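A look at the structure
Now for the letters of each chain:
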Amino acid sequence: MNWVAPIKDEETLRRYEQELMNLDPKYFIMFRLGVGTGLQVQELLKLSVGDVKGKEILTVYLGTKRVKRSYCFEPDLRAVIEEYTAEKEDDMPLFVGHRNRAISREQAYRAMKSAGQKLGLGSVGAQTMRKTFAWKYYKNTGDIAYLTHLLNHASPSVTSVSYTHLRAHETL
């Protein structure tokens, strides 16, 4: 897969989200969950309908150490999730493809890449969600140490270069 970048401009982000909604609401929901939580696409693809349906908080267990993380849904996202999950069974994958199976990481990538291409964004893919989360968090707080913890990275240098695209001597 190619290098991807965060979406830093709010208007571009809004247009990209609308393009995903036009493509399929599941991609819009996936993207908003990714941007809101910083979860990796493979973690999002493990979610079931029951993990989000009728809930205000998403709780997940990450990695081999099963680290517990909880995230509050924004009200507008919660409304879209409720509409999307209304007729679905709790044990179904949240993001369903053919034959009621969870979509693959590759399918998520293709959908996000396609939406980006329609808007002329060349460096968009599945990691764009996580990188956009990191960019927004760092821009709002400047706290690279806690962002490193949230992303479960080994060191702040990995986070700053790979996710916020800043070198050690740079600031926003």
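Rules behind the numbers
Residues numbered from 1 in each chain as written. Predicted model: local features only at pLDDT ≥ 70, side-chain atom pairs only at ≥ 80, totals over all residues. Heavy atoms only, no water. Helix = DSSP H or I, 4+ residues; strand = E, 2+ residues; numbered from the N terminus. Buried < 20%, exposed > 50% of the residue type's maximum accessible area, 1.4 Å probe, protein only. Contact = heavy atoms within 4.5 Å. Axes fitted to C-alpha atoms, helices over the stretch in contact; angles between N-to-C directions. Left-handed = near helix turned anticlockwise from the far one by under 90°. Nonpolar A, V, L, I, M, F, W, Y, C, P; charged D, E, K, R; others polar. Salt bridge = Lys/Arg side-chain N within 4 Å of Asp/Glu carboxyl O.

**Concerning the side chain of T85**
Relative to the elements of secondary structure, T85 occurs in helix 5 (residues 75-85). Judged by its relative accessible area of 0%, T85 is buried. The residues touching T85, leaving out its near neighbours within four places in the chain, are V49, V52, K53 and L94.

**Concerning the packing of helix 2 (residues 25-37) against helix 5**
Running from N to C, helix 2 and helix 5 point in directions that differ by 145°, and their axes come no closer than 11 Å. The two elements helix 2 and helix 5 meet at a crossing, and its hand is left-handed. On helix 5, the residues that touch P25, K26, F28, I29, R32 and L33 of helix 2 are D76, L77, V80, I81 and Y84. Looking at side-chain class alone, the contact of helix 2 with helix 5 contains 8 nonpolar, no polar and 3 charged residues.

**Quick notes on the pattern of salt bridges**
Using the criterion set out here, one finds 7 salt bridges in the structure. With a closest N to O distance of 3.9 Å, K136 and E10 form a salt bridge. Of the two residues, K136 sits in helix 7 (residues 128-141) while E10 sits in helix 1 (residues 10-23), which places them 126 residues apart along the sequence. Here D24 and K26 are joined by a salt bridge, their closest N and O atoms 3.9 Å apart. Look at K26 and you get buried, because its relative accessible area is 9%. The network of salt bridges with shared partners includes E17, R32, E74 and D76.

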